[in-house]
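# Descriptive structure summary
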Amino acid sequence: MRYLVLSDIHANLEALEAVVAIARPQDFDRVLILGDIVGYGADPNAVVDRVRSLHAHAIIRGNHDKVASGVESAEGFNQAARFAAMWTLEQLTPDNRDFLTSLPAGPLVVDDVEICHGSPDDEDEYVFEPVDAIESLRGTQRPLCFFGHTHVAIGYWMSADTFDVIVPASEADTEIELVAERRYMINPGSVGQPRDGDPRAAFGIFDSATNKVLLRRVPYDVSSAQAKIVKAGLPEGLARRLGVGK
Ligand code: ZN
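Right, let's walk through the structure included here.

Before going further, it helps to spend a moment on the pattern of salt bridges. For the coordinates displayed, the defined rule picks out 15 salt bridges. With its nearest N and O atoms 3.1 Å apart, the salt bridge here joins lysine 66 to aspartate 124. Of the two residues, lysine 66 is situated in helix 3 (residues 63-68) and aspartate 124 in the loop between strand 5 (113-115) and helix 6 (130-138); the sequence distance between them amounts to 58 residues. Since its relative accessible area comes to 1%, lysine 66 is described here as buried. Aspartate 124 gets classed as partly exposed once you look at its relative accessible area, which sits at 29%. Across the pair aspartate 196 and arginine 217 runs a salt bridge whose closest N-O atoms are separated by 2.9 Å. Taken together, the positions of aspartate 196 in the loop between strand 10 (183-187) and strand 11 (201-207) and arginine 217 in strand 12 (residues 212-218) put the pair 21 residues apart, joining distant regions of the chain. Looking at arginine 217, the relative accessible area reads 14%, which means it is buried. Shared partners join several salt bridges into a network, and the residues in it are Arg61, Lys66, Glu72, Glu123 and Asp124.

What follows concerns helix 4 (residues 79-91). Turn by turn, an α-helix covers 3.6 residues, leaving residues three or four places apart pointing in a common direction. The end-to-end C-alpha distance of helix 4 is 18 Å, a good match for the 18 Å that 13 residues give at a rise of 1.5 Å each. Taken together, the buried positions of helix 4 are occupied by Ala81, Ala84, Ala85, Trp87 and Thr88. When helix 4 is viewed along its axis, its buried side chains cluster within an angular range of 165° and face the same direction. When the buried face of helix 4 is taken as reference, the exposed residues oriented beyond 90 degrees from it are Gln79 and Glu90. Looking at the buried side of helix 4, the elements it contacts are helix 2 (44-53), helix 3 and helix 8 (236-244).

Attention shifts here to the coordination of the zinc ion. Around the zinc ion, the protein contributes the donor atoms Asp8 (OD), His10 (NE2), Asp36 (OD) and His151 (NE2), which lie 2.1 to 2.3 Å from the metal centre. Around the zinc ion, the four donor atoms sit at angles spanning 85 to 177°, and that spread fits a shape best called irregular. Counting the intervening residues between successive donors of the zinc ion yields the motif D-x1-H-x25-D-x114-H. Residue aspartate 8 is found in the loop between strand 1 (2-6) and helix 1 (13-22), and its partner aspartate 36 is found in the loop between strand 2 (30-33) and helix 2; the two are separated by 28 residues along the sequence.

With the rule as written, the count across this model stands at one cavity of 30 Å³ or more. Within this model, the largest cavity holds a volume of roughly 80 Å³. For the largest cavity, the lining is made up of 16 residues, of which Asn12, Gly41, Ala42, Ile229 and Leu242 are closest to its centre. Contributing elements (two or more residues each) for the lining of the largest cavity: helix 1, helix 7 (222-231) and helix 8. Here the lining of the largest cavity takes three residues from helix 7, the largest share from any one element. Along the lines of polarity and charge, the residues of the lining of the largest cavity split into eight nonpolar, five polar and three charged.

Reading the values: the criteria
Residues numbered from 1 in each chain as written. Predicted model: local features only at pLDDT ≥ 70, side-chain atom pairs only at ≥ 80, totals over all residues. Heavy atoms only, no water. Salt bridge = Lys/Arg side-chain N within 4 Å of Asp/Glu carboxyl O. Helix = DSSP H or I, 4+ residues; strand = E, 2+ residues; numbered from the N terminus. Buried < 20%, exposed > 50% of the residue type's maximum accessible area, 1.4 Å probe, protein only. Expected span 1.5 Å × (residues − 1). Arc of directions from axis to C-beta. Contact = heavy atoms within 4.5 Å. Donors = N, O, S within 2.8 Å, 3.2 Å for Na, K, Ca; no water. Tetrahedral: all angles 85-135°; square planar, octahedral: opposite > 155°, others 65-115°. 1 Å grid on protein atoms, 1.4 Å probe; cavity = no way out; pocket = protein on both sides within 12 Å on 5 of 7 lines; lining within 4 Å. Points joined across faces, edges and corners; volume = space filled by probe spheres on them. Nonpolar A, V, L, I, M, F, W, Y, C, P; charged D, E, K, R; others polar.

Right, here's the structure in full:
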């Protein structure tokens, strides 16, 4: 089974379309979405429609999906995030809002894989540091767990006596060959608002037959996405950061 793994799309239609175009349907069997479909970007309805059209095998919610659909308050959000979430709440059609409110919380075990938005213990927790990853790896329900939320493509693995970090190559795609006695937490990065210094849209492909995860990047029309953010009256910083991937 080949899985297309998407996280943190953040209402960026240009980025999502670029990813779907390059990860052709013949390249994957199932789609897994790790949350934050909306928030920050200017195309919440078009992106939710596009996500729904992908007939994903599993989707879990992210913190922005909760706030932008009215499930949770914006407490804890910074000003730009709060503004964008409130704007998104106004924009969403009732149908798309219902779709977001109905998304389950992670973690979720899907076939032989676990997926979560933040960490396996807490959907809102950020796994930024090795110490957090080690803690999370101890609680995973499957040897492979995909997570999002940080918008940074990265991998962590742990065996009985070793722990290591997999930092993707900056230019080429990164292939991770999974080793049987190791446990992995892998973040495919963000489709719609990368923050690891590479502005290209990030996504992952997992092939359960070969036991390989591929972390990929694809360029997209950043200036169109930026222009829409500015035109919508969303904070300009949200447009600016797309250009630098930070
Ligand atoms: Zn996010």
